[in-house]
Amino acid sequence: MPRMAWYMALLLAAALSALSGCNQQEERPAPAPAAPKAVSAETKKPRVIVPEAVRGKWKAVRIAVLDKQGNNEDVYTVEIGSAFQVGESKLSVRVENFLPAFIMDGTTMTSASNETRNPAAQIAISIDGEEVFTGWLFSLYPGTHAFQHPRYSFSLVDFIASS
């Protein structure tokens, strides 16, 4: 009988050892975090591509400036690449580009054709020579630009083809 007790004890010890081994989780090192993908400023920066079919075909745009305080509107004719001063204010508006059929693909803005399907002018607004806004004015969607000014609002009202 002592021999039988010894086998039972041995069997019990083996069973307990096996059970305790199943409850323990093997420690594995945590996976190293993935290295961040390099994103250059050029990747994020919006690009404007004026297609050959459009380049040189448009001379100027007309931008309406509404003075909300005086409740009057002035329309400025501005050549593409030029700027104008808004009345007696410290604001100036520069017309960077004109796209007659504005489309956007990711961070690239271009024109689908030279037909005026979605006319847009890229502008830069400065106050006292410091640029405070760059964006787009859309003739079909006059309220779709992010520049908010307490006194003035801007809209693209016309565009002039080159002769």
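Residues numbered from 1 in each chain as written. Predicted model: local features only at pLDDT ≥ 70, side-chain atom pairs only at ≥ 80, totals over all residues. Heavy atoms only, no water.

Draft legend 1. Fine view of the pattern of salt bridges. Taken as a whole, this structure holds 6 salt bridges when the rule is applied. The partner of Glu52 in a salt bridge is Arg55, with the nearest N and O atoms 2.3 Å apart. For Arg55, a relative accessible area of 46% gives the class partly exposed. When the shortest N-O distance is used, the salt bridge between Asp67 and Arg151 registers 2.8 Å. (Salt bridge = Lys/Arg side-chain N within 4 Å of Asp/Glu carboxyl O. Buried < 20%, exposed > 50% of the residue type's maximum accessible area, 1.4 Å probe, protein only.)

Draft legend 2. Representation of the nonpolar core within the structure. Ranked by size, the top nonpolar core spans 30 residues in total, and within it Ile63 and Phe154 carry the most contacts. Among the elements of the structure, strand E2 (58-67), strand E3 (72-79), strand E5 (91-99), strand E8 (120-127), strand E9 (130-138) and strand E10 (152-161) are those that each provide at least two residues to this core. Examining the composition of this core, we find that 5 residues originate from one element, E5, more than from any other. (Core = buried A, V, L, I, M, F, W, Y, C linked by side-chain atoms within 4.5 Å. Helix = DSSP H or I, 4+ residues; strand = E, 2+ residues; numbered from the N terminus.)

Draft legend 3. Spatial organisation of the packing of aromatic side chains. For the structure shown, the criterion picks out 8 aromatic pairs. The interplanar angle of 20 degrees and the centroid separation of 4.3 Å between the aromatic rings of Tyr76 and Phe84 together place this pair among those described as stacked. You can call Tyr76 buried: its relative accessible area is 18%. Given the relative accessible area of 9%, Phe84 is considered buried. (Phe/Tyr/Trp six-rings, centres within 6.5 Å; stacked < 30°, edge-to-face > 60°.)

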